Amino acid sequence: MADNLVDEINCYMPRATPAEQQLLFQLACEVHEVFGESFERVDELSYRLQAVDLVNDLLSKARELPQLGL
């Protein structure tokens, strides 16, 4: 699942502004790391909901980065 999410994030890179690209790159790195540490498999609904919560937390943290101006 982490690889799929990172692939999806990478699809948006060419259309993103430089600030958004920085945010997307950071998000892709963190998604891959966190999912690798947290989940071996994500095939049950409860794990998918946990994965969504993790991504939301990562997005919130990334948006707080002051240098991005987002």
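For the structure itself, consult the block above.
Small disclaimer: the values here were computed from a predicted structure and weren't measured. (Residues numbered from 1 in each chain as written. Predicted model: local features only at pLDDT ≥ 70, side-chain atom pairs only at ≥ 80, totals over all residues. Heavy atoms only, no water.)

**Quick word on the overall build of the chain**
Within the chain, the secondary structure is distributed over three helices and zero strands. Ordered by position from N to C terminus, the α and β elements of the chain give α-α-α. Among the 70 residues that make up the chain, the fraction classed as buried is 29%. If you take every contact in the chain between residues at least 6 apart in sequence, the share linking residues at least 24 apart comes to 55%. As presented, the chain carries roughly 5,100 Å² of accessible surface, and 52% of it is formed by carbon and sulfur atoms. (Helix = DSSP H or I, 4+ residues; strand = E, 2+ residues; numbered from the N terminus. Buried < 20%, exposed > 50% of the residue type's maximum accessible area, 1.4 Å probe, protein only. Contact = heavy atoms within 4.5 Å. Areas by Shrake-Rupley, 256 points an atom, 1.4 Å probe, with all protein chains shown as cover.)

**Observations regarding the environment of Asn10**
Structurally, Asn10 can be placed in helix H1 (residues 2-12). The class for Asn10 is partly exposed, based on a relative accessible area of 38%. Residues Asn10 and Gln21 lie 11 residues apart in sequence; the distance between their C-alpha atoms is 9.2 Å.

**Remarks on the nonpolar core**
By size, the foremost hydrophobic cluster in this structure holds 16 residues, and its most contacted members are Ile9, Leu24, Leu27, Val31, Phe35, Val55 and Leu58. For this core, the elements supplying multiple residues, two or more each, are H1, helix H2 (18-38) and helix H3 (45-63). Examining the composition of this core, we find that six residues originate from one element, H2, more than from any other. Dropping the residues within four chain positions of it, Ile9 is found in contact with Leu24, Leu27 and Ala28. (Core = buried A, V, L, I, M, F, W, Y, C linked by side-chain atoms within 4.5 Å.)

**A word on the environment of Glu8**
Here Glu8 shows up in helix H1. Residues Glu8 and Ala28, spaced 20 residues apart in sequence, show a C-alpha to C-alpha distance of 9.2 Å.

**Section: the packing of H1 against H2**
It is at 9 Å that the axes of H1 and H2 come closest, and there the two elements cross at 175°. Classified by the angle between their axes, H1 and H2 sit roughly antiparallel to one another. Each of Ala2, Asp3, Leu5, Val6, Ile9 and Tyr12 in H1 lies in contact with H2, whose residues at this interface are Leu24, Leu27, Ala28, Val31, His32 and Phe35. Among the residues forming the contact of H1 with H2, the class breakdown is 10 nonpolar, one polar and one charged. (Axes fitted to C-alpha atoms, helices over the stretch in contact; angles between N-to-C directions. Parallel < 35°, antiparallel > 145°, perpendicular 65-115°, else oblique. Nonpolar A, V, L, I, M, F, W, Y, C, P; charged D, E, K, R; others polar.)

**Observations regarding H3**
In this model H3 runs 27 Å from its N-terminal to its C-terminal C-alpha over 19 residues, within 8% of the 27 Å that 1.5 Å per residue would give. Within the span of H3, buried status applies to Ala51, Val55, Leu58, Leu59 and Ala62. When H3 is viewed along its axis, its buried side chains cluster within an angular range of 100° and face the same direction. Of the exposed residues in H3, those oriented more than 90 degrees away from the buried face are Leu45 and Lys61. Tucked into the core, H3 has its buried residues touching H1 and H2. (Expected span 1.5 Å × (residues − 1). Arc of directions from axis to C-beta.)

Honestly, it's all geometry; don't read function into it.
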